[in-house]
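Given next are the chains, with one letter for each unit.
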Amino acid sequence: MSRSIIPILVVIMLVALISAQCTITHRWPIGEVRIELIPPLLLYMAFTLNLPISLLLGLLAATLYDSFSGGPFGASLVPYIASVSLFCAVRPIFFRNRITTQLITGFLSAWITLILQWILSGKAMYSWHNVFPKLLRLSLLCSVLAVIYFTVLDAMARGMGQEPGRFNEDE
């Protein structure tokens, strides 16, 4: 089978999640925060795809998010690319299919992405005492979402005859 099935699956998921995040998630806040759906998908991309494709899809995610959201255009570019790059670099030291790995790296990935997004969005003047609890809750929610994304997307990829996270160039 083609090796482009997983990137196509990620692009479809990316468009669906960005559409949902920018249209309907504000109606159901969880713990007084609006859920961020994209940072766990960035982690999935970093742990599943090779670096060039992950960076390209991270760029697409930042462009789509900034286009659909009301925030400043380009505010998500650096956080998304930094997160994808960092977790592509540290991918070899983790066991990708462990739930503990997915939880911990999901939290760290979301924390890094959301902190950078907060700083670069021009809202860094808000009190840290107000922002820290919200970022902590968002990061914890993203860690749970990371486990869900890994489970669902890996099951879909395996159902299509792919093995997510394998980088054999000989196939």
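Structure shown above.
Quick caveat: nothing in here was measured; it's all calculated off a predicted structure. (Residues numbered from 1 in each chain as written. Predicted model: local features only at pLDDT ≥ 70, side-chain atom pairs only at ≥ 80, totals over all residues. Heavy atoms only, no water.)

### Describing the overall build of the protein chain
For clarity, the threshold we go by: Secondary structure elements are defined from DSSP: runs of H or I of at least 4 residues count as helices, runs of E of at least 2 residues count as strands, and each element is numbered from the N terminus. To sort residues, take the accessible area from a 1.4 Å probe on protein chains only and compare it with the maximum for the residue type: under 20% means buried, over 50% means exposed, and anything in between is partly exposed. Should any heavy atoms of two residues lie within 4.5 Å, those residues are counted as being in contact. Computed with a 1.4 Å probe, the accessible areas rest on the Shrake-Rupley method; for each residue, only the protein chains presented here act as cover. Positive charges come from Lys and Arg, negative ones from Asp and Glu, while His and the chain ends are left out of the count. Every charge is mapped onto a representative atom, which is NZ of Lys, CZ of Arg, CG of Asp or CD of Glu.
Looking only at helices and strands, the protein chain features six helices and zero strands. Its helices and strands taken in sequence order, the protein chain reads α-α-α-α-α-α from the N to the C terminus. Oriented by its inertia axes, the alpha-carbon framework of the protein chain measures out at about 50 × 30 × 30 Å. Taking all 171 residues of the protein chain together, the buried fraction comes to 43%. Intrachain contacts of the protein chain at a sequence separation of at least 6 include 75% that bridge at least 24 residues. Carbon together with sulfur atoms contributes 69% to the accessible area of the protein chain, which is approximately 9000 Å² in total. One way to put it: in the protein chain the 11 positive side-chain charges average out to a point 8 Å from where the 8 negative ones average out.

### Notes on the side chain of Thr101
As for its position among the elements, Thr101 is in helix 5 (residues 99-120). Judged by relative accessible area, which is 10%, Thr101 ranks as buried.

### Some remarks on the packing of aromatic side chains
Using the following cut-off: Aromatic rings from Phe, Tyr and Trp, taking only the six-membered ring of Trp, are treated as a pair when their centres fall within 6.5 Å; an angle between ring planes under 30 degrees marks them as stacked, one over 60 as edge-to-face, and anything in between as tilted.
On inspection of all chains with the given rule, the structure shows seven aromatic pairs. Pairing Tyr44 with Phe150 gives two aromatic rings, centres 5.1 Å apart and planes at 75°, and the pair type is edge-to-face. Within this pair, whereas Tyr44 is found in helix 2 (residues 38-48), its partner Phe150 is found in helix 6 (residues 128-159), the two being separated by 106 residues in sequence. With respect to class, Tyr44 is no different from Phe150; both count as buried.

### Observations regarding helix 3 (residues 51-68)
What counts is decided by this rule: A helix's residues, less one, multiplied by 1.5 Å, set its expected span. Pairs of N or O atoms are called polar contacts if they sit within 3.5 Å, as long as, within protein, a hydrogen donor faces a hydrogen acceptor (for residues adjacent in sequence, only side-chain-to-side-chain pairs).
An ideal rise of 1.5 Å per residue puts 26 Å on 18 residues; helix 3 measures up with 25 Å between its terminal C-alpha atoms. For helix 3, every residue scored as buried is listed here: Ser54, Leu57, Gly58, Ala61, Ala62, Leu64, Tyr65 and Asp66. Buried residues in helix 3 make contact with helix 1 (5-23), helix 2, helix 4 (77-90) and helix 5. For helix 3, the capping residue at the N-terminal end is Asn50, with a side-chain oxygen 3.3 Å from the backbone nitrogen of Ile53.

### Describing the packing of helix 1 against helix 6
Condition: Interaxial angle, 0 to 180 degrees, is taken between N-to-C directions of lines fitted to C-alpha atoms, where a helix line uses only the stretch in contact. When describing relative orientation, an angle under 35 degrees is termed roughly parallel and one over 145 degrees roughly antiparallel, while 65 to 115 degrees is termed roughly perpendicular and anything else oblique. It is the rotation of the near helix from the far one that decides the hand of a crossing: anticlockwise by less than a right angle makes it left-handed, clockwise makes it right-handed. Classes in brief: Ala, Val, Leu, Ile, Met, Phe, Trp, Tyr, Cys and Pro nonpolar; Asp, Glu, Lys and Arg charged; the others, Gly included, polar.
Look at helix 1 against helix 6: their axes get within 10 Å of each other, and the N-to-C directions meet at 135°. On the basis of their axis angle, the class for helix 1 and helix 6 is oblique. Classified by chirality, the crossing of helix 6 by helix 1 is right-handed. Across from Ile6, Leu9, Met13 and Leu17 in helix 1, the residues of helix 6 making contact are Tyr149, Leu153, Met156 and Ala157. Its residues placed into classes, the contact of helix 1 with helix 6 shows eight nonpolar, no polar and no charged.

### Comments concerning the packing of helix 3 against helix 4
In the contact formed by helix 3 and helix 4, the axes pass within 9 Å of each other and the chain directions differ by 155°. Overall, the two elements helix 3 and helix 4 adopt an arrangement that is roughly antiparallel. Crossing of helix 3 over helix 4 shows right-handed handedness. Contacts from Leu51, Ser54, Leu55, Gly58, Leu59, Ala61, Ala62, Tyr65 and Asp66 of helix 3 reach helix 4 at Leu77, Tyr80, Ile81, Val84, Ser85 and Cys88. The residue makeup of the contact of helix 3 with helix 4, split by class, is eleven nonpolar, three polar and one charged.

### Overview of the pattern of salt bridges
A side chain of one charge can pair with a side chain of the opposite charge when the charged atoms of the two come close. The criterion, for reference: Every case where a carboxyl oxygen of Asp or Glu lies within 4 Å of a side-chain nitrogen of Lys or Arg is listed as a salt bridge.
Enumeration over the complete set of coordinates arrives at two salt bridges. Ionic pairing is found between Arg96 and Asp154, a salt bridge with its closest N-O pair at 2.8 Å. Here the residue Arg96 occupies a position in the loop between helix 4 and helix 5, and Asp154 occupies one in helix 6, the gap between them amounting to 58 residues. Arg158 is paired through a salt bridge with Glu163; the nearest N and O atoms lie 3.4 Å apart. When its relative accessible area of 38% is taken as the criterion, Arg158 is described as partly exposed. Given the relative accessible area of 39%, Glu163 is considered partly exposed.

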